[in-house]
Amino acid sequence: MSSDHCGSRLFLALPDDILTIITSSLSVGDLCNLGLTCPGLDSFMSSHKVWLFQCDKLGLVPYTTLIEWRKGVFSYKALCRFLVNIQPLIGTWVHRNPELMHVVYVMPGFLSVVGCRIIPQKIGPLGLEDGSILWTPVFEILCNHVGSTSFFLHGRERGVDYVYPGLLKSVNKDCNVLLLEIEHRHQWAGGKLADLKNFAHEVDNEVSSSQRIVGQKRTEKPFIRLESDDRELVLEFVTSQVRDIVPDAANVLLFPRPRIDAVDSQQDFIVLHERRLLLLQMYERGNMNHDLKSDEGSPLNPTELGSSEVYKSLDCTCNYPASQAGDATLHEFLQLGDWVGLSLQAETKELYSCKYWPYRYEILSAFYKFPIRAPKACDEEFAGLWGGTFGLPPSADKPGKPLFLIFISYEETKGQQQMYANKILEGKSRVSRPNGSTMFVVNIDEPSMTIFPWNTDKQTNSISVKQSFKGEGISDGYRYRSIQPGSLFVLENGLIVFLWEHSRDLLTLKRLDLGELLRRGERLPSFPPVLNFAHLTSKYRNIYPGFSHF
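A brief report on the enclosed structure follows. (Residues numbered from 1 in each chain as written. Predicted model: local features only at pLDDT ≥ 70, side-chain atom pairs only at ≥ 80, totals over all residues. Heavy atoms only, no water.)

### Remarks on the overall build of the protein
Along its length, the protein carries 15 helices and 22 strands. The buried share among the 550 residues of the protein stands at 53%. Taking contacts inside the protein between residues at least 6 apart in sequence as the whole, the part at least 24 apart equals 69%. When the accessible area of the protein is evaluated, it comes to approximately 25100 Å², of which 51% is carbon and sulfur surface. (Helix = DSSP H or I, 4+ residues; strand = E, 2+ residues; numbered from the N terminus. Buried < 20%, exposed > 50% of the residue type's maximum accessible area, 1.4 Å probe, protein only. Contact = heavy atoms within 4.5 Å. Areas by Shrake-Rupley, 256 points an atom, 1.4 Å probe, with all protein chains shown as cover.)

See the structure below:
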């Protein structure tokens, strides 16, 4: 159909800048549908200006970064495809167990997103304003030249850094759970695959707990229905087979460092472009020329596993009653196919929470989205992520003190607006309060009559109080805690301070930009791959006690 017949002739006669403004209010899906109506609109909807504006409208990276990223893809439309796909992953994710100090912040990298674990730590010598933060990579998702995704799990084994390529499944727009799974593949869709036939050598003569159960045979989510020991067993073996050593050239920057000098910034971009191309080449050649339909002959990929021999080696005649309806046995999982690969699932599940802290879903390899958001109203101006430590201002930046990450949210209770401050990370060698604990609650409709006890800080700088509110906070103790009355003071310099009335303890906080702290942060070695995602089992204590800042 011509542009005349579809009534778009006058529309297309407008200047491109005007057309871009008009189409700016359309969604990505609407733009694609509009381009299908006639050739003239299709040509315009493919223009760089339209899709650059859509990329910028998402607000994930600065405009200048989009220009640099465009050099690595075919078009801004391809770049927009990637950004729309990974947008729901951006943000703060937590492990299900409140006693595990486990926070992962997913942020833009370089034509990628990177999942960075925040290490429990003490505040460094430069404080939070100019200092760095300790972190380690968990996973990253790269954008290829057409805007498709390439998933890599990170890990370290015997002093060597590895990546473990896999597949990012479709990301739900409102996803709140991240799952690391092993998935059967009937065709290659990215990353390395494993042939389960060789798995027999790992489990021969071992009796799996789930082998004593013959559950209902179902194909829906078979990996999740395995018992936890079997899930971990399969994950450990598959990651040991699909891993690739990270070359030195790819084991450098994961995202650009904050730079003032344009020459240094450009040098970072050169290094990041080379690193990305190297990883994408590793990803693409992982199963090059591999025929999943062929079951004969030696596998072309030396990192393959298989299931038929496993099945023969296991006792398949046992017929004990199932301990739980719907449980899958390892036998059933292996019968579903020979070829498997890692996959990252971003799903939406019905979760219950207490003051925004998610109650656990019975899956070990899972992260849960923490709904940190920017303030949307004048009566929620303190909502979001804060960091600091105990002590008199400006203790939020005081070196050597444990770093606390606090999430502030609002709820209406009995007609009054309450502000809740929940701890999501504590930088001590042993946890004194479980993650998710409400450190203090403040009634923002009730001003405090308490006078701030100090007029100056330790540097004799004047302390000016802008507002104060009445509240209460938990006292010391891990599980058996008491509540003390207190007050929240809002200082003119942007800090907030909670004062416990009886103990006179002070918690001083400042608003944080985790992305900025990570870009200038200090990277630490990763855990082994399965442990690196969400299998931490150490309770009550910091799992990184031996590194700097402690």
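Here the narrative resumes, following the displayed structure.
### Remarks on the pairing of strand E6 (residues 160–171)
For a regular strand, side chains alternate in direction, first toward one face of the sheet and then toward the other. Counting buried residues along E6, 9 of its 12 residues qualify, which places the element largely inside the surrounding structure. Looking at chain direction, strand E5 (residues 149–157) and E6 are connected through 7 bridges and run antiparallel. Across the sheet, Gly155 pairs through a bridge with Tyr162, a residue of E6. Connecting E5 to the antiparallel partner E6 that follows it, the hairpin turn spans 2 residues, and Arg158 within it adopts a positive phi of roughly 50°. (Pairing = 2+ DSSP bridges.)

### Let's talk about the side chain of Asn176
Tracing the chain through its elements places Asn176 in the loop between E6 and strand E7 (177–184). Side-chain polar atoms of Asn176 contact the backbone oxygen of Lys349, separated by 2.7 Å. With residues near it in sequence (within four places) discarded, Asn176 still touches Trp93, Glu347, Thr348, Lys349, Leu351, Phe367, Tyr368 and Lys369. (Polar contact = N/O pair within 3.5 Å; in protein donor to acceptor, adjacent residues only side chain to side chain.)

### Topic: the nonpolar core
As a rule of thumb, soluble globular proteins bury nonpolar side chains together. The biggest cluster of nonpolar side chains holds 58 residues, and the ones touching the most others in it are Ile141 and Phe533. Top element by residues in this core is helix H7 (residues 76–86). It accounts for 7 residues. Ignoring any residue separated from it by four or fewer positions in sequence, one finds Ile141 in contact with Phe82, Ile86, Leu89, Leu111, Ser112, Val113, Thr149, Ser150, Phe151, Leu168 and Leu344. (Core = buried A, V, L, I, M, F, W, Y, C linked by side-chain atoms within 4.5 Å.)

### Concerning the sheet that holds strand E17 (residues 438–447)
Here we have 8 strands rolled up into a closed barrel, ordered E14-E15-E16-E17-E18-E19-E20-E21, and antiparallel in their pairing. The sheet shows a mean angle of 30° between the axes of neighbouring strands, taken without regard to direction. As defined by bridge partners, strand E18 (residues 465–474) adjoins strand E19 (residues 483–491) across 9 bridges and the pair is classed as antiparallel. Paired with Gln467 across the two strands is Val490, which belongs to E19. (Axes fitted to C-alpha atoms, helices over the stretch in contact; angles between N-to-C directions.)

### A look at helix H10 (residues 228–242)
With 15 residues, H10 ought to run about 21 Å at 1.5 Å a step, and its terminal C-alpha atoms sit 21 Å apart, in line with that. Of the residues making up H10, those classed as buried are Asp230, Arg231, Val234, Leu235, Phe237, Val238, Thr239 and Val242. (Expected span 1.5 Å × (residues − 1).)

### A word on the pattern of salt bridges
If the charged atoms of two oppositely charged side chains come close together, the side chains can form a pair. In the structure shown here, the tally under the stated rule is 11 salt bridges. One salt bridge in this structure joins Arg520 and Glu516, with 3.9 Å as the shortest N-O distance. The exposure class assigned to Arg520 is partly exposed, which follows from its relative accessible area of 26%. Residues joined in a network through salt bridges with shared partners are Glu516, Arg519 and Arg520. (Salt bridge = Lys/Arg side-chain N within 4 Å of Asp/Glu carboxyl O.)

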